[in-house]
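# An overview of the molecular structure
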Protein chains: 2
Amino acid sequence: MSVSAYELSLQMARTPRLDDRRERLLDAAARLFREHGYERTSVRQLAEAVGILSGSVFHHFSSKEEILLEVMRSTIERMISSLHEASVSADTTEARLFQLIRAELELLHGPTRDGVAVTFFQWHSLGPDKQRHILSMREEYENIWLEALQQALEQGLIDTDPFVTRRLLTGANGWTIYWYQAGGSMSLDDLAGQVCHLLFRERK
Amino acid sequence: MSVSAYELSLQMARTPRLDDRRERLLDAAARLFREHGYERTSVRQLAEAVGILSGSVFHHFSSKEEILLEVMRSTIERMISSLHEASVSADTTEARLFQLIRAELELLHGPTRDGVAVTFFQWHSLGPDKQRHILSMREEYENIWLEALQQALEQGLIDTDPFVTRRLLTGANGWTIYWYQAGGSMSLDDLAGQVCHLLFRERK
DNA sequence: TTGCTAACCAAGCAAGCGCTTGGTAGACTG
DNA sequence: CAGTCTACCAAGCGCTTGCTTGGTTAGCAA
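Presented here is an overview of the structure given in this document. (Residues numbered from 1 in each chain as written. Chains lettered and ligands numbered in written order. Predicted model: local features only at pLDDT ≥ 70, side-chain atom pairs only at ≥ 80, totals over all residues. Heavy atoms only, no water.)

The next thing to look at is the overall build of chain A. Tallying secondary structure elements over chain A gives 10 helices and 0 strands in all. Each helix (α) and strand (β) of chain A, taken in turn from the N terminus, gives the series α-α-α-α-α-α-α-α-α-α. Relative to its 204 residues, chain A shows a buried fraction of 48%. For chain A, the proportion of contacts with a sequence separation of at least 24, taken over those separated by at least 6, is 70%. Here chain A has roughly 10500 Å² of accessible surface; of this, 50% comes from carbon and sulfur atoms. (Helix = DSSP H or I, 4+ residues; strand = E, 2+ residues; numbered from the N terminus. Buried < 20%, exposed > 50% of the residue type's maximum accessible area, 1.4 Å probe, protein only. Contact = heavy atoms within 4.5 Å. Areas by Shrake-Rupley, 256 points an atom, 1.4 Å probe, with all protein chains shown as cover.)

Okay, structure coming up:
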């Protein structure tokens, strides 16, 4: 952040900045895909959002589908690290599940919301191969959930099948993007609390 | 099924059958929209599914969007009557909620699954006006839920906000179309039981 | 027999799509 | 200073899309 960092940023500003445009394209794609859906977003719209022409998009990505794949790939990475962080931050199983729920809701409604919403609800826009690919990437994410739920089952905190419970939870949490307003009277902690309340009996 | 019915079917085969083709188009549309999504289903595919050419589709419907709207409209009607039937069939609030959950899951996985899945997950493919229209149609359906949940709250069966609870339940149930296999080891009653188990403490 | 209508076909239009091509300005490299 | 490379533009290609148009056939009523 000292002089050298400043000079570096100046140099980067003068030199071609592939990563910058690429990143901006991914951000715009996540936003547009979330707002209008993958199919309804044209490459031309995407290009306009970052101030280039449609053909130039294919200098950064080989196809439109690859953009969607890359949005999901980078999103899943962030999802995994967020969830992992939440998982290790708690010392009891009960607290761990609360943190996991909170983390997932924050992923869905915080700054990462565009990419996460796209990853949750638009995987069917990918071809079969790439669909399998991101599905296998999500496994690591789901495993964190399943481990915590298995633990909760063994400790008698829940008495439902971890797999089924996780699936129901996925739907409940994911669907919040269609009704929960982050700025409203209900805080994200409130929401997480309500979800938690459905999982186990007691939760303060 | 006697001679007269046979003659009737012969006559129907000879006479123009607008309603028949219309109905078949709606069925095919529900199936194709569910399988590939609205945007990825072309009018030509739709026409081919019922054995006519693409232009002929517009003799029955004024636009592709109207087909989607009509699929949703007729589906919501069936959803409301199914839910109403389930609601009045139970005499206790607890049983009523179980029946509601069972009914919604049956809508999602029974013969109506195509239209219901489309109604649940593809309303964003409609223009803003028609989106509001089917949203207002769904209100009656949601009100049945909210009344039952309000009743359960007053009787102490649940202790969460009915509105929030319903939204979480909507997601949990709706998401089952992505993982629950109707023919598998888990029956629909089992699934309904699991969902119910998350709602209140005890449920045999 | 004539007239009317529902239900369709055959052909194709205008617009938009994802993507390709050939070229160029500007910064860096040897 | 020549050569190279990145990042882009300008133009447009081939294809698909939703939808239209004009005409045809079969059934029915008067």
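Moving on from the model shown.
Let us now look at the relation of the copies chain A and chain B. Each copy superposes on the other: chain A lies on chain B with an RMSD of 0.0 Å after a rotation of 180 degrees and an axial shift of 0.0 Å. Given the turn and translation reported, the copies of this chain are related as if by a two-fold rotation axis. The fraction of interface residues of chain A whose copies in chain B are also interface residues reaches 100%, indicating that both copies meet through the same surface. (Least-squares fit on C-alpha atoms with pLDDT ≥ 70 in both.)

Residue and element names in this part refer to chain B. Contact geometry of helix H5 (residues 64–88) with helix H7 (residues 113–121) gives a least axis separation of 9 Å together with a crossing angle of 110 degrees. In this view, H5 runs roughly perpendicular relative to H7, as classed from their interaxial angle. Within the contact between the two elements, H5 uses Leu68, Val71, Met72, Thr75, Ile76 and Met79 and H7 uses Gly115, Val116, Val118, Thr119 and Phe120. A class-by-class count of the residues in the contact of H5 with H7 yields 8 nonpolar, 3 polar and no charged. (Axes fitted to C-alpha atoms, helices over the stretch in contact; angles between N-to-C directions. Parallel < 35°, antiparallel > 145°, perpendicular 65-115°, else oblique. Nonpolar A, V, L, I, M, F, W, Y, C, P; charged D, E, K, R; others polar.)

Topologically, Trp179 of chain A is positioned in the loop between helix H9 (162–175) and helix H10 (188–199). The contacts of Trp179 of chain A, once residues within four sequence positions are left out, are Leu191 of chain A together with Val164, Arg167 and Leu168 of chain B.

With that settled, consider the environment of Gln45 of chain B. Residue and element names in this part refer to chain B. Mapped onto the secondary structure, Gln45 falls in helix H3 (residues 43–50). On a C-alpha basis, the gap between Gln45 and Leu32 in space is 8.5 Å, while along the polypeptide they are 13 residues apart. Ignoring sequence-local partners within four residues, the contact set of Gln45 consists of Leu32, His36 and Arg40.

Moving on to the packing of aromatic side chains. Summed over the entire model, instances satisfying the criterion amount to 16 aromatic pairs over all chains. Their ring planes at 40 degrees and their centres at 6.1 Å tell us that Phe120 of chain A and Phe121 of chain A sit as a pair that is tilted. Across this residue pair, the class does not change: Phe120 of chain A and Phe121 of chain A are buried. An angle of 70 degrees between the planes, with centres 5.1 Å apart, marks the rings of Phe33 of chain B and Tyr38 of chain B as edge-to-face. Residue Phe33 of chain B is classed as buried on the basis of its relative accessible area, which comes to 0%. A cation over an aromatic ring shows up here: Lys64 of chain A above the ring of Tyr38 of chain A, its NZ or CZ 4.3 Å from the ring centre. Above the face of the Phe120 of chain A ring, Arg138 of chain A is positioned so that its terminal group lies 4.9 Å from the ring centre. (Phe/Tyr/Trp six-rings, centres within 6.5 Å; stacked < 30°, edge-to-face > 60°. Lys NZ or Arg CZ within 6 Å of the ring centre and 35° of its normal.)

What follows concerns the interface of chain A and chain B. Think of interface size as the accessible area that goes away when the parts come together; that is how it is often given. Each side of the interface is counted separately: chain A has 28 residues, and chain B has 28 residues. Roughly 3000 Å² of surface becomes buried between chain A and chain B when both sides are summed, with 68% attributable to carbon and sulfur atoms. When the buried surface of chain A facing chain B is broken down by residue, Leu168, Trp175 and Leu198 of chain A rank first, second and third, together holding 24% of it. Remark: the boundary between chain A and chain B carries 2 salt bridges. A salt bridge links Glu39 of chain A to Arg40 of chain B; the nearest nitrogen and oxygen atoms lie 2.4 Å apart. Counting every contact that joins chain A to chain B gives 6 residue pairs in polar contact (both at pLDDT 80 or more). Examining the composition of the side of chain A that touches chain B, we find that 7 residues originate from one element, H9 of chain A, more than from any other. Partitioned by chemical class, the residues of the side of chain A that touches chain B number 14 nonpolar, 8 polar and 6 charged. (Buried area = accessible area lost by both parts, 1.4 Å probe. Salt bridge = Lys/Arg side-chain N within 4 Å of Asp/Glu carboxyl O. Polar contact = N/O pair within 3.5 Å; in protein donor to acceptor, adjacent residues only side chain to side chain.)

Take the environment of Gly127 of chain A next. Counting through the fold element by element, Gly127 of chain A comes out in the loop between helix H7 (113–121) and helix H8 (128–154). Judged by relative accessible area, Gly127 of chain A falls into the buried class, the value being 19%.

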